[in-house]
Amino acid sequence: MHAGSMLGFAGSIRLLLVFILCLHVLMGHVDAALHYVDSSASGKNTGRSWIDAFTDLQDGLRRAGNGDSVLVAQGIYYPASPDGTRDATFYVRPGVSLIGGYAHGGGTRNVTTCTTILSGDIFRDDKFDADTLINDTNNVFHVVMSEGIESVLIDGVTIQGGYARGFDKNGKKVTGSGGGLYIRIWNGTNTAGLILKNSRVTCNTSRGQGAGLFFKGSTCVVQDCTFDRNYTTGLDDGARYLGGVPILSHILPRSIVPNLKRTGQSREAGLLTKVNIL
């Protein structure tokens, strides 16, 4: 083959590779989708717009795949109905973004005025006694869970009422960590496995590590979040990280009421985070 032909062939190969790469990028953008959730919606319940939004957050999370975003309007969302089990959880698939803080019907996002609450109180019977949440022993074990190798973004939600103590429906003792969030993501890079932003983690209980948040894996980013009223009978309080170095910024420790550690009937003010790199 002549040199000119060889150069022309090589150029064609390069163009083909560039075309395939561009097609892959474009397909990635096409595949990424928005799923809408609004407890007050009265449309077709397809999740394709605010008018036809899902009324159940579980529907949006089940539909969402890698690269998708689930947009959630203000309101209280439960992982199961009152006839459900404590094993229920909001499972966020790896690669999915869960974003709250929208008004009913959509519009401008405001996480301050449009509170999106993910609650573990499936029996709808939780009450406050001073700074303590009572009737929570029948709540779900973990309000939010995620496991895998792709990063997860959780932005603009309140996560409350998880109770990581007890036994599952098969009589097996549950993992006593992460009543609010239980996240295990190993992506093998320095990319954050979990990004938690503009959120409040409150009134969660565990018998072990990290009542509000338990994270194990690569780097974890927590930004502009509040941890309060999280309780544990174990070693740690508000949050615990195992694995990578957490990146924390603009965290509000002990906002109004601190995270607490229970020892028998006594309580001691606990740390917002206890970092362990193993």
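Cut-off values and rules
Residues numbered from 1 in each chain as written. Predicted model: local features only at pLDDT ≥ 70, side-chain atom pairs only at ≥ 80, totals over all residues. Heavy atoms only, no water. Disulfide = S-S within 2.5 Å. Phe/Tyr/Trp six-rings, centres within 6.5 Å; stacked < 30°, edge-to-face > 60°. Helix = DSSP H or I, 4+ residues; strand = E, 2+ residues; numbered from the N terminus. Buried < 20%, exposed > 50% of the residue type's maximum accessible area, 1.4 Å probe, protein only. Lys NZ or Arg CZ within 6 Å of the ring centre and 35° of its normal. Pairing = 2+ DSSP bridges.

Draft legend 1. Quick look at the state of the cysteines. Applying the stated rule across the entire model yields zero disulfides. Here Cys220 stays free of any disulfide, with the sulfur of Cys225 as its closest cysteine sulfur at 9.2 Å.

Draft legend 2. Examining the packing of aromatic side chains more closely. In this structure the tally under the stated criterion is three aromatic pairs. For the pair Tyr36 and Trp50, a centre-to-centre distance of 5.0 Å together with 65 degrees between the ring planes defines the contact as edge-to-face. In this pair, Tyr36 sits in strand S1 (residues 34–37) while Trp50 sits in the loop between S1 and helix H2 (57–63), placing the two residues 14 residues apart along the sequence. Comparing Tyr36 with Trp50, the two get one shared label, buried. Arranged with centres 5.3 Å apart and planes meeting at 50 degrees, the rings of Trp50 and Tyr102 form a pair that is tilted. Of the two residues, Trp50 sits in the loop between S1 and H2 while Tyr102 sits in strand S5 (residues 97–102), which places them 52 residues apart along the sequence. When sorted by exposure, Trp50 lands in the same class as Tyr102, which is buried. A cation sits over an aromatic face here: Arg109 above Tyr102, 5.9 Å from the ring centre. Just above the ring of Tyr78 sits the side chain of Arg124; from NZ or CZ to the centre is 3.8 Å.

Draft legend 3. Quick peek at the pairing of strand S9 (residues 144–148). Summarising the sheet, strand S4 (residues 90–91) and S9 pair through two bridges and their orientation is parallel. Considered in S9, the bridge of Phe90 is made with Val144. Of the strand pairs in this sheet, S9 and strand S13 (residues 181–185) are connected by five bridges, and their pairing is parallel. When the bridges of S13 are listed, Gly148 appears paired with Ile185.

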